[in-house]
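A look at the structure
Next come the chains, spelled out residue by residue.
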Amino acid sequence: TVCGTGSGLGTRVLSLLEEEFPDVCRIVTAVYPSAEDDVITSPYNTVLAMQELTEHADCVLPVENQSLLDILNKIDAMSYGTKLGPGVKRNNCVTSGGSRLSGAQKPFDAMNNIVANLLLNITSSTRFEGSLNMDLNEIAMNLVPFPRLHYLVPSLTPLYSLADVSIPTKRLDQMFSDAFSKDHQLIRANLKHSLFLASALMVRGDVHMSDLRRNIERLRSSLPFVSWNQEGWKTGLCSVPPVGHSHSMLALSNNTCVKATFMELRDSFTKLYKKKAHLHHYLHVDGMEQSIFSEALSSLTGLIEDYHHLDVSKSRLQRDTPRLRIATGSSS
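Residues numbered from 1 in each chain as written. Predicted model: local features only at pLDDT ≥ 70, side-chain atom pairs only at ≥ 80, totals over all residues. Heavy atoms only, no water.

This brings us to the overall build of the chain. Each helix and strand in the chain was counted, giving 11 helices and six strands. Going through the 332 residues of the chain one by one, you find that 51% of them count as buried. For the chain, the share of sequence-separated contacts (at least 6 apart) that also reach a separation of at least 24 residues comes to 86%. About 15,300 Å² of surface is accessible on the chain, with carbon and sulfur atoms providing 54% of the total. (Helix = DSSP H or I, 4+ residues; strand = E, 2+ residues; numbered from the N terminus. Buried < 20%, exposed > 50% of the residue type's maximum accessible area, 1.4 Å probe, protein only. Contact = heavy atoms within 4.5 Å. Areas by Shrake-Rupley, 256 points an atom, 1.4 Å probe, with all protein chains shown as cover.)

With that settled, the discussion passes to the pairing of strand S6 (residues 247–255). Most of S6 is tucked away: nine of the nine residues are buried. Of the two faces of S6, the one lined by His247, Met249, Ala251, Ser253 and Asn255 and the one lined by Ser248, Leu250, Leu252 and Asn254 are each fully buried. Where strand S3 (residues 152–157) lies against S6, six bridges are found, and the strand directions are antiparallel. Across the sheet, the residue bridging to Ser155 is Ala251, located in S6. As judged from the nine bridges shared by strand S4 (residues 196–205) and S6, these two strands associate in the antiparallel manner. Within the sheet, the bridge partner assigned to Gly205 lies in S6 and is His247. (Pairing = 2+ DSSP bridges.)

If you walk through the whole model with that rule in mind, you get 10 salt bridges. Across the pair Glu18 and Arg26 runs a salt bridge whose closest N-O atoms are separated by 3.6 Å. On the accessibility criterion, Glu18 (25% relative accessible area) is partly exposed. Put simply, Arg220 and Glu231 hold a salt bridge, and the shortest N to O gap is 3.4 Å. Of this pair, Arg220 sits in the loop between helix H8 (209–219) and strand S5 (233–238) while Glu231 sits in the loop between H8 and S5, and the two are 11 residues apart along the sequence. Note on accessibility: Arg220 and Glu231 belong to one class, buried. One connected set of salt bridges, linked through shared partners, spans Glu18, Arg26 and Asp58. (Salt bridge = Lys/Arg side-chain N within 4 Å of Asp/Glu carboxyl O.)

In this model, helix H2 (residues 42–56) (15 residues) spans 21 Å end to end at C-alpha, consistent with the 21 Å of a helix rising 1.5 Å per residue. A large share of H2 lies buried, amounting to 13 of its 15 residues. (Expected span 1.5 Å × (residues − 1).)

Let's shift gears to the nonpolar core. One broad trend across soluble globular proteins is that nonpolar side chains are buried collectively. Counting residues in each nonpolar core, the largest one holds 56 residues, and the members touching the most others are Tyr151, Phe176, Phe180, Leu201, Val203 and Phe262. A per-element tally of this core places helix H11 (residues 290–312) first, with eight residues. Every residue in contact with Phe262, bar those within four places of it in the chain, is listed here: Tyr32, Met50, Tyr151, Leu300, Leu303, Ile304 and Tyr307. One finds Leu69, Leu72, Met111 and Leu252 within the second-largest nonpolar core, a separate group that totals 29 residues. (Core = buried A, V, L, I, M, F, W, Y, C linked by side-chain atoms within 4.5 Å.)

Further remarks concern the packing of aromatic side chains. With the rule as written, the count across this model stands at 14 aromatic pairs. Members of the aromatic cluster, joined through ring pairs, are Tyr44, Phe269, Tyr273, Tyr282 and Phe293. Above the face of the Tyr273 ring, Lys276 is positioned so that its terminal group lies 4.7 Å from the ring centre. (Phe/Tyr/Trp six-rings, centres within 6.5 Å; stacked < 30°, edge-to-face > 60°. Lys NZ or Arg CZ within 6 Å of the ring centre and 35° of its normal.)

For S3, a buried count of six out of six residues is recorded, marking the element as mostly surrounded by other parts of the structure. Here S3 shows no split at all, with Leu152, Pro154 and Leu156 on one side and Val153, Ser155 and Thr157 on the other all buried.

Laid out in structure tokens, this is it:
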């Protein structure tokens, strides 16, 4: 779904899915507008959509347009740099027209390819064999300790589009480090400066359980987890890597860093709403009342407060060093 144009249809479909298939896990990829979005009413659309996402989705994977553009610029820079081998093709949807991305260009196909790559990785265990496959239902079961706090920050490594750009795979340990780097996140936030409720590592390729254990132990001290879930790791191993790569990883983190994005969204919404600007475009539609806007704002504020209460506990977090235990999925 899109938290903007089309969000009404997307969230309506979501609520219908809940009615018709209540026992099926509903994982939503929600595209959030950038701060420079040219649709003046996007704060209204996004806040209205978020109320539905909070109430009817099991997991939401927020993706920001600006983060997608930033990733494409990184891919573009690597394509024109000296790090790539002769297998890289310059003329592709990322560098269409033979020129590098500029601020004015909006390569929607390439942006969509990044999101498609996210979906391919999250469903890889249902399509390919692996020594530790992860069922989609296990994502919500292991990463969502509270029903409303189901917004999971996605990170991809290595960075590439589904076009014919072939970015060399980094060494394995570096891939784990990159998964928690701002440069690899699909939403602009700082995971390491906020609090983890849980995290999932969905790895593809020739990677062993010992590699997972070693890297989780290595990264543990730099990733602050809530005191009551210090072992909140969920892992999956799929033996088939993406085409052109020896291994890859999708990280999904339930982290309080999303609070900053939601606060910016609330501020943008409030600037319009306190002046009742552009409300008439919505209120002339049958069934649309001003109270719906107030309820959506209240829902978002409540969500922010829930994350804030967890964030406060970070200052009191006393890290211990328990024996490493990694949640496992079913073997295929």
